[in-house]
Structures are given as C-alpha cells and as structure tokens.
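Chains, contacts and geometry: an overview
Take a look at the letters that make up each chain.
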Amino acid sequence: MKEAAPTRQRLTVLGSTGSIGVNTLDVIGQLGGPERFEMLALTGNGNIPLLAEQAKRCRAKLAVTADETRHAELKAALAGTGIATAAGRSGLIEAAEMDAGWVMAAIVGTAGLAPTIAAAKRGADIALANKECLVSAGDLFVEAVKAGGGRLIPVDSEHSAIFQSLEDDQRHALERIVLTASGGPFRTWTRQQMAEVTVAMARAHPNWSMGLKISVGSASMFNKALEMIEAKHLFDVTPEQIEVIVHPQSIVHSMVGYTDGSVLAQLGCPDMRTAIGYALTYPKRPKLNVERLDFAKLARLDFEAPDEVRFPSLRLARLALTRGGTQGAVMNAAEEGAFQAFVEEKIGFLDMAEIVEEVMEAMTAHPPAATMEDVFAADTEARRRAGEIAGRIAAFRKR
Ligand code: NAD
Ligand code: MG
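What comes next concerns the included structure. Note that residues are indexed from 1 along each chain, following the sequence as it is written. As they are written, the chains are lettered A onward and the ligands numbered 1 onward, keeping that order. Local features in a predicted model are, by the rule used here, given only for residues with pLDDT of at least 70; side-chain atom pairs are given and counted only at 80 or more, and totals for whole chains, interfaces and linings are based on all residues. The side-chain values count all of the structure's non-hydrogen atoms but skip hydrogen atoms and water molecules.

The next point concerns empty space enclosed by the protein. Every definition here rests on a 1 Å grid over the protein atoms only: cavities are sets of points where a 1.4 Å probe fits but cannot get out, pockets are open sets enclosed by protein on both sides within 12 Å along at least five of seven lines, and lining residues have some atom within 4 Å of a point. Grid points are joined across faces, edges and corners, and a volume is the space filled by probe spheres set on the points. Overall, the coordinates contain one cavity of 30 Å³ or more when judged by the stated rule. Here the largest cavity defines a volume of roughly 60 Å³. Lining the largest cavity are S157, S160, Q164, W208, H253, Q266, C269, D271, T274 and A275. Put simply, the parts of the chain that give the lining of the largest cavity at least two residues each are α7 (157-165) and α12 (272-281). Helix numbers and strand numbers start at the N terminus; a helix is a DSSP run of H or I with at least 4 residues, a strand a run of E with at least 2.

Here we come to the packing of helix α15 (residues 327-343) against helix α16 (residues 351-362). In a pair of packed helices, the angle between the axes and the distance between the axes together describe the arrangement. Axes here mean lines fitted to C-alpha atoms, for a helix over just the part in contact, with angles spanning 0 to 180 degrees between N-to-C directions. One can describe the packing of α15 onto α16 by two numbers: an axis separation of 9 Å at closest approach and a directional angle of 145°. The hand of the α15/α16 crossing is right-handed. Across from Q327, V330, M331, A334, E335, A338, F339 and F342 in α15, the residues of α16 making contact are M352, I355, V356, V359 and M360. Among the residues making up the contact of α15 with α16, the classes are represented as 11 nonpolar, one polar and one charged. The handedness criterion is simple: a crossing whose near helix is rotated anticlockwise from the far helix by less than a right angle is left-handed, and one whose near helix is rotated clockwise is right-handed. Note on contacts: a residue pair qualifies if any of its non-hydrogen atoms lie within 4.5 Å across the two residues. Under the scheme applied, nonpolar residues are Ala, Val, Leu, Ile, Met, Phe, Trp, Tyr, Cys and Pro; charged residues are Asp, Glu, Lys and Arg; polar residues are all the others, including Gly.

Relative to the elements of secondary structure, E354 occurs in helix α16. Taking the C-alpha atoms as reference points, E354 and H233, separated by 121 residues in sequence, lie 26 Å from one another.

Sheet faces and side chains relate simply in a regular strand, where the side chains alternate between the two faces. We call two strands paired when DSSP finds no fewer than two bridges between them. Judged from the four bridges that link them, strand β3 (residues 62-65) and strand β4 (residues 84-87) form a sheet pairing that is parallel. Within β4, the position partnered with V64 by the bridge is A86. With the strands aimed away from the viewer, a crossover counts as right-handed if its path from the first strand over the helix to the second runs clockwise. For the segment spanning β3, helix α3 (residues 71-77) and β4, crossover handedness is right-handed.

Structural measurements only, silent on function.
Here is the structure:
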C-alpha cells in the first residue's frame, strides 16, 4: 500500500516583512520551505514589493497589507498568481483567523495585539515575538491563549533562553530568572553624552541587527523594561524573582536560577533564527545553518549590574510590575508615543523616559485591566498624553 504523503504543517507569519519576519521565512526555507510547510497568510505594512515576493516564494494563500492605501499596489503585484489579498485591521484579523496551527506574531507594537489574540483564541500555537501583547494585555493575553488551547512559545531571545532552561518538572525549585541585556551602544555613556544622542546613533546596535523600534529600545533599555514585564506573564514569577544583568557580548541569552544554587543558561551567537527555529519545531530542535560559538575566540564573557539612574526604564518597569492593572499598557503605549516623537526628531533621547514616567504617574488611578476594552482605553489615553508632552517639549526646544 502506498504511504500517505505526510501532511504539511500550516503556518501564518504576522509581520513577515520585518526583521523577525524575514528571519522566520529564512528558517522555514532552511527546514524545507513549501515542501514541508503550507503557508496560509503573510502580513506586512508598507513594503509591498517584499511582501509580494515573499507571498510568491512561500506560495501563501493570502497576503495582507496593514496599510489600506497600498492595497491596490499589492493586488497589482500579485495579479495572476492566485494569491488572495486583503488590507487594514480586518485583513490582519482575516489572516490570523485562517486555519494555521502555528502563527508567528512578529508585528511591531500594539498593532500586533488584536490579530495575535484572534489567532490565540482559535487555538493556534503562538510563536511570540511581539512582546507588546504581554506587556499591554498581560493576564488577558495569557487567558486568551489558555482558552484557545494552543501553546505560547517565546521567540524573544531572552525568553526563549529561559523557556529552554526551565525544566518543567523543576518549576517548584525555580528561584529567579536572570535576563541578560547588552546595555546597547550607550552602556558606558554619561547622561550628558546621552542627551545629545541622534536617531542614527540609537539605531546602531553593537550585536544584533533588528527593527528600528527595538534597536532604539535597546539603546534606552526600554526593550529590557518591556521584557521584564513579558517575563512576569510568560513564566508566572513575582517582580522580585526577575533580575537584569548587563552582558555586553550577548552570548548568554538569559538564565534560570534554582533553589539549590544551580543556574542554567542558554548560549549562542546573537542570531534570532535559533529562537525562531526552536519555536517552530518545539519540542524538537531543528538543524540550522547559523554561526556556531567559538569559545576560544570568544575568550571572555563580561557581566555588570545595570545602572538605573542612567537607564530609568528599568526602574519604571518595576513600578509597572508592582502596580499591575493597566500600568503595563500605559508604559508600553507611552513608550511607543515617545519613541515616535524621538524618531521624528521632536524630542531628545533622554526625554523618552521622562515622558513615560510622567504619563505613568498621571494614570495610576486608571481602572484595572479587566477587559481588552480597558487595555485599549489605557493605550489610547497614554498615547495621547505622551504625544501632548512631546509636543510641549518640542515647542520648548524650538525656542
Ligand atoms: P520590524 O519593524 O522590523 O517589523 C515589524 C513588522 O510589523 C513588519 O512586517 C511591518 O510591516 C509590520 N508592521 C509595522 N507597523 C504595522 C502596523 N501598524 N500594523 C500591522 N503591521 C505592522 O520589527 P522587528 O524588529 O521584526 O520586531 C517585531 C516584533 O518582534 C517586535 O515586537 C519586537 O519587539 C520583537 N522582537 C524583535 C527582535 C529582533 O531581533 N528584531 C528580537 C526580539 C523581539
Ligand atoms: Mg530580547
């Protein structure tokens, strides 16, 4: 009797045109491409040529641009291919709701929240790069995944490292998790020097090649601040169990400390494809063509305590963690607003943390995050306030 052809794993990549998205398609290609994986949907925003090329290469069923004004361009680029197209928020939801068993959540920012929740609710396994889902919606997001019955597999390199170092039957002995941080390009700079930082300086990360938002977030350490909150929700730990250590080489991706004093770590070259591959084939490990660590060449690994005076973002994350409720959503949205103003050169680098703190302080009495509507309301309000403060600072700087 002829053996039935093995069924291909069905995938969707939300945010396929970004840094994580491109790496995800590389991993999928390395592991067999369309022969092994059936691509249901790919989504992007402004880069239509890349989205169209990816959709053809992966033989996707649907390609979606978040930008409605670019839909005609996408349609034209895919004319005659048989690949369906859609656009806007409803298009993103349509992509998320297709029947893929595995969904890469790699849209940047809060824009990723609604489509990722839609995929989680219908029970897909979520490979989570979009940390903003957990920072803003925390418990509600985790509940949506649980209700859907799919798995939540972290892709952020630190959280993947913890996930890999956390042995399931040892949870009772988990004492602490230690997030490593590269410290970014301004690790040794004074605040005076940091006040003069430009966008071009902030986006040039010493170890990782990433999207603009996360590169600037690594320079301000707001990325680490978001990751502390992400860790709390992923691993169900208390704020006191979360430590941050600066590790400039980005080789130790993070660690788990146990009650017997043991510390388990995951190491590797700074390449997101390792974490993406792990999330794709979990619980098995894939064979990947990525650089191997050469310990002799490496020679040393350095660690130092983070400086919460020069990098106030870490202190703000602790505040958000202890306050709970919508403070994560507030911190995240205020930071997105401040980041936007910084890349538009309206405000300085250090103003970002000032804005986030002011918005967080003004919104401590905001109602708890009981529903997604509460989260979206806090997000909108925090974004509005951040924009207002940024406008004030910009006007002052012009004088
Ligand atoms: P990126 O800016 O390179 O790509 C973002 C993707 O989102 C693109 O496909 C873009 O088209 C899409 N997008 C942008 N705005 C959108 C909108 N309004 N609506 C819908 N889609 C939109 O970002 P990235 O660096 O790939 O990061 C993606 C996510 O992964 C972020 O949450 C980031 O924090 C996280 N992450 C990234 C890295 C990394 O190495 N790049 C590492 C860890 C975690
Ligand atoms: Mg990370």
